[in-house]
Amino acid sequence: TEAGEIWHLMDTRVGLSPVMVNRSQLGRIELDEYTHLILVDGNYKSFSKDEEARIKSWVTGGGILVAQKGAAVWAQRFVEEEAEEEGADKEGSDKEDSAEAELVRKAYADFEKDHARNVIGGAIVEVELDLTHPLAYGFQRKQLPLFRNGTHVLSEAGAPYSSVALYSASPKLSGFIGDKRLDAFAGQGAVLADRVGGGLVIRIADNPSFRSYWRGAQRLLTNALYLGQIVDKSELSD
């Protein structure tokens, strides 16, 4: 559905005819013939090391990778590897507490209620844009509503100037989000753009084109297509 939503945006509203490929077809595509690669939500664990290396090589050679939701979490590795190579501190977003926790027993009847607290089935949340960033071009207000129906949290391992949008301190505008899930992403990165070699990795934690009627948020995708190439590498020398 996300692929169809982006297809609709490109074809109907932008006037572009995107090349759409399935996962199994990607290996036959000559990436060097394209400027952008858009990855929608999905399971990217099946990508082989060779496929990952091929995509990273394309990015470092000047390609612009736009990834949202699960794909954005998968693409974090490119940003983290770049930060490691440049001697930056690596921030892991998926660290797990290895200490054994004492089992807390609960009533079977409470399962459904407790499960609801751990998922975000659909809510409207607020992000705060950096209006000076090229990918925020055309926005007049810092506050922007987004639709959130996942629990993806992005690692901000890149440059300090890479945050296009951050979730506000109290991001829930409408809908239900459990306190644990709300605390996990409040104040965190919603849209991040990091230079990796000669290219750019744009990570979007949510789906800005949900059902093709979030027209305000769709500008983030169109800006990624047309203005991504002018995002400079932003690092201050010591």
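K.L.:
Could you clarify how one ought to interpret a nonpolar patch on the surface in this entry?
P.N.:
Side chains of Val19, Val21 and Tyr34 sit close together on the surface and give an oily, nonpolar patch of about 230 Å² of accessible area. Here valine 19 is to be found in the loop between helix H1 (2–14) and strand E1 (36–39). Taking relative accessible area as the criterion, valine 19 reaches 53% and is therefore assigned exposed.

K.L.:
Sorry, what's going on with the packing of helix H2 (residues 49–60) against helix H3 (residues 70–85) here?
P.N.:
Two quantities define a packed helix pair, namely the angle between the helix axes and the distance between the axes. For the pair H2 and H3, interaxial distance at closest approach is 11 Å and the crossing angle is 65 degrees. Regarding H2 and H3, the two cross each other, and that crossing is right-handed. Seen from H2, the contacting residues are Glu52, Ile55 and Lys56; seen from H3, they are Trp74, Arg77, Phe78, Glu81 and Glu85. Looking at the contact of H2 with H3 residue by residue, the class counts come to three nonpolar, no polar and five charged.

K.L.:
Help me understand the sheet that holds strand E7 (residues 199–204) in this model?
P.N.:
Sheet strands associate in pairs through backbone hydrogen bonding, adopting either a parallel or an antiparallel arrangement. One open sheet holds the seven strands; their spatial order is E1-E2-E7-E6-E5-E3-E4, and the pairing between them is mixed. On the outer flanks of this sheet lie E1 and strand E4 (143–148), each paired with one strand and no other. Ignoring which end each strand starts from, the neighbouring axes of this sheet average 20 degrees apart. Pairing between strand E6 (residues 189–196) and E7: six bridges, direction antiparallel. Considered in E7, the bridge of valine 196 is made with glycine 199. Sitting on the sheet, H2 is in contact with E1, strand E2 (64–68), E6 and E7, with an inclination near 115 degrees to E7.

K.L.:
How should the environment of arginine 54 be read in this particular structure?
P.N.:
Relative to the helices and strands, arginine 54 is located in helix H2. Residues arginine 54 and glycine 27, 27 residues apart in the sequence, show an inter-C-alpha distance of 9.2 Å. In contact with arginine 54, other than residues within four places in its own chain, are Leu26, Gly27, Ile29, Glu30 and Leu31.

K.L.:
It is not clear to me how the pattern of salt bridges should be interpreted in this structure. Could you clarify?
P.N.:
Pairs may arise between side chains of opposite charge once their charged atoms sit close together. Inspection of every chain in the model, using the stated rule, returns six salt bridges. One salt bridge in this structure joins glutamate 52 and arginine 77, with 3.1 Å as the shortest N-O distance. On the criterion of sequence distance, the pair formed by glutamate 52 in helix H2 and arginine 77 in helix H3 is long-range, its members being 25 residues apart. A salt bridge links aspartate 206 to arginine 148; the nearest nitrogen and oxygen atoms lie 2.9 Å apart. Within this pair, whereas aspartate 206 is found in the loop between E7 and helix H6 (215–227), its partner arginine 148 is found in strand E4, the two being separated by 58 residues in sequence. Given a relative accessible area of 0%, arginine 148 falls into the buried group.

K.L.:
Is there a simple way to explain the packing of H1 against H6 in this structure?
P.N.:
For the pair H1 and H6, the least separation of the axes is 11 Å and the interaxial angle reads 80 degrees. Taken together, the axes of H1 and H6 lie roughly perpendicular to each other. Here H1 contributes Ile6, Leu9, Met10, Arg13 and Val14 to the contact with H6, which in turn contributes Arg215, Gln218, Leu221, Thr222, Leu225 and Tyr226.

What counts as what
Residues numbered from 1 in each chain as written. Predicted model: local features only at pLDDT ≥ 70, side-chain atom pairs only at ≥ 80, totals over all residues. Heavy atoms only, no water. Patch = residues over 30% accessible without salt bridge, like charges linked within 9 Å, V, L, I, M, F, W, Y side chains within 5 Å. Areas by Shrake-Rupley, 256 points an atom, 1.4 Å probe, with all protein chains shown as cover. Salt bridge = Lys/Arg side-chain N within 4 Å of Asp/Glu carboxyl O. Helix = DSSP H or I, 4+ residues; strand = E, 2+ residues; numbered from the N terminus. Buried < 20%, exposed > 50% of the residue type's maximum accessible area, 1.4 Å probe, protein only. Axes fitted to C-alpha atoms, helices over the stretch in contact; angles between N-to-C directions. Left-handed = near helix turned anticlockwise from the far one by under 90°. Contact = heavy atoms within 4.5 Å. Nonpolar A, V, L, I, M, F, W, Y, C, P; charged D, E, K, R; others polar. Pairing = 2+ DSSP bridges. Parallel < 35°, antiparallel > 145°, perpendicular 65-115°, else oblique.

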